[in-house]
Amino acid sequence: MRIYFSLICIGLLALITLCKASIHQLTDENFSTLVKKEDEWLIDFYADWCGYCKRLEPKFLAADRLLSKIENNNVKLGWVNIEDNPGLAARFFISRLPTVVHIKDHQVRIVKRIQRDADIVNFITFEEWRNVDPKSSLMSPFSPFGKMVGFTGKVVKKLSSYSPWTMIGILTGFLICAISLPIILTKKQQQFVKNKDDPIQNTSKKNTALRARNKSKRID
């Protein structure tokens, strides 16, 4: 009896693993390669510590199974762990978890009110996404601004891995450069203007050059 129970458990675990394998794990590194403009995607943003994300997971897996059985269905499903991929979290302006987004032709829409797996399936099959306004061109993750925000998110995450003293040293160096560079440039500009506008100094230089020429002619 125990053997049969163990086999059933192993089979269920294998089934869950297989279902998860059909959902793409999207990262900061592979996102641009996998998500093309002509593709249609459903992406679940989650975190390991998020209880609501764990409640959504079986619904998302069930929706993936149901969508895979529909003919001429080309939608792809993906996961994004925001802790491991801060660039995508910042790029999509994720402010709550879980967040499921729909992408088609690089237009991004938020999937709201997911109570069951059928809500996700209906959003695709009945094209309910047409009733949802996409993100504006400025706030789109595919806009230059969205990409810049994503890059900033990655940099901030990278900097947070350094020790506080290292961060203090880096910030102090940037602060010194930011303060001293304008002062140096201003002084050089003032000196240039002063030399250019000083007629006495300019006349003295011309006289010195003229005397040097006359002296060389006398020697010849």
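Residues numbered from 1 in each chain as written. Predicted model: local features only at pLDDT ≥ 70, side-chain atom pairs only at ≥ 80, totals over all residues. Heavy atoms only, no water.

(A) Region of the structure containing the overall build of the chain. Secondary structure assignment for the chain yields eight helices and five strands. Reading the helices (α) and strands (β) of the chain from amino to carboxyl end gives α-β-α-β-α-β-α-β-β-α-α-α-α. With 220 residues in all, the chain has 30% of them scored as buried. The contacts in the chain between residues at least 6 apart in sequence include a share of 72% that link residues at least 24 apart. For the chain, the computed accessible surface area is about 15700 Å², with 60% contributed by carbon and sulfur atoms. (Helix = DSSP H or I, 4+ residues; strand = E, 2+ residues; numbered from the N terminus. Buried < 20%, exposed > 50% of the residue type's maximum accessible area, 1.4 Å probe, protein only. Contact = heavy atoms within 4.5 Å. Areas by Shrake-Rupley, 256 points an atom, 1.4 Å probe, with all protein chains shown as cover.)

(B) Structural context of the layout of surface pockets. The space that makes up the largest pocket amounts to roughly 530 Å³. Lining the largest pocket are 19 residues; nearest its centre among them are Arg 96, Pro 98, Val 111, Arg 113 and Ile 114. When residues of the lining of the largest pocket are traced back to their parent elements, those giving at least two are helix 3 (51–68), strand 4 (99–104) and strand 5 (107–111). No other element matches helix 3, which puts four residues into the lining of the largest pocket. Looking at side-chain class alone, the lining of the largest pocket contains 11 nonpolar, two polar and six charged residues. Considering only enclosed or pocket space, the second largest pocket measures out at about 230 Å³ in volume. In terms of lining, the second largest pocket is formed by 15 residues, of which the most central are Glu 40, Asn 72, Asn 73, Asn 74 and Ile 124. (1 Å grid on protein atoms, 1.4 Å probe; cavity = no way out; pocket = protein on both sides within 12 Å on 5 of 7 lines; lining within 4 Å. Points joined across faces, edges and corners; volume = space filled by probe spheres on them. Nonpolar A, V, L, I, M, F, W, Y, C, P; charged D, E, K, R; others polar.)

(C) Geometry of the packing of aromatic side chains. Scanning the entire structure with this criterion turns up six aromatic pairs. Note on Phe 31 and Phe 142: the rings are 6.0 Å apart at their centroids and 25° apart in plane angle, and the pair reads as stacked. Pair noted here: Phe 31 is in helix 2 (residues 31–34) and Phe 142 is in the loop between helix 5 (117–125) and helix 6 (144–160), with a separation of 111 residues, a long-range link. Residue Phe 31 shares its accessibility class with Phe 142, and that shared class is buried. Connected via pairs of aromatic rings, a cluster forms that spans Phe 31, Phe 45, Phe 92 and Phe 142. (Phe/Tyr/Trp six-rings, centres within 6.5 Å; stacked < 30°, edge-to-face > 60°.)

(D) Region of interest: the pattern of salt bridges. The full count for this structure, using the stated rule, is four salt bridges. With a shortest N-O distance of 3.9 Å, Arg 116 and Asp 119 are connected by a salt bridge. On the accessibility criterion, Arg 116 (48% relative accessible area) is partly exposed. (Salt bridge = Lys/Arg side-chain N within 4 Å of Asp/Glu carboxyl O.)

(E) Spatial organisation of unusual backbone geometry. In this structure, Pro 98 follows Leu 97 across a cis peptide bond, with omega equal to -10°. In this fold, Pro 98 is placed in the loop between helix 4 (86–91) and strand 4. Unlike most non-glycine residues, Arg 113 shows phi in positive territory, near 55°. Structurally, Arg 113 is set in the loop between strand 5 and helix 5.

(F) Local environment of helix 6. Under the 1.5 Å per step criterion, the end-to-end length of helix 6 is 24 Å for 17 residues, consistent within 8% with the ideal 24 Å. Turning to helix 6, its buried residues number three or more, namely Gly 146, Val 149, Gly 150 and Gly 153. Burial along helix 6 is one-sided: seen end-on, the buried residues are contained in an arc of 100°. In helix 6, those exposed residues whose orientation departs by more than 90 degrees from the buried face are Pro 144, Phe 151 and Lys 158. Those residues of helix 6 hidden inside the fold are in contact with helix 4. (Expected span 1.5 Å × (residues − 1). Arc of directions from axis to C-beta.)

(G) Structural view of the nonpolar core. Grouped together as the largest cluster of nonpolar side chains are 39 residues, with contacts concentrated most on Phe 31, Leu 42, Ile 43, Phe 45, Phe 92, Leu 97 and Ile 103. Every element with two or more residues in this core is listed here: strand 2 (40–46), helix 3, strand 3 (76–81), helix 4, strand 4, strand 5 and helix 5. It is helix 3 that contributes the most residues to this core, six residues altogether. Setting aside anything within four residues of it in sequence, one finds Ile 43 in contact with Leu 26, Phe 31, Phe 60, Gly 78, Val 80, Thr 99, Val 100, Val 101 and Ile 103. (Core = buried A, V, L, I, M, F, W, Y, C linked by side-chain atoms within 4.5 Å.)

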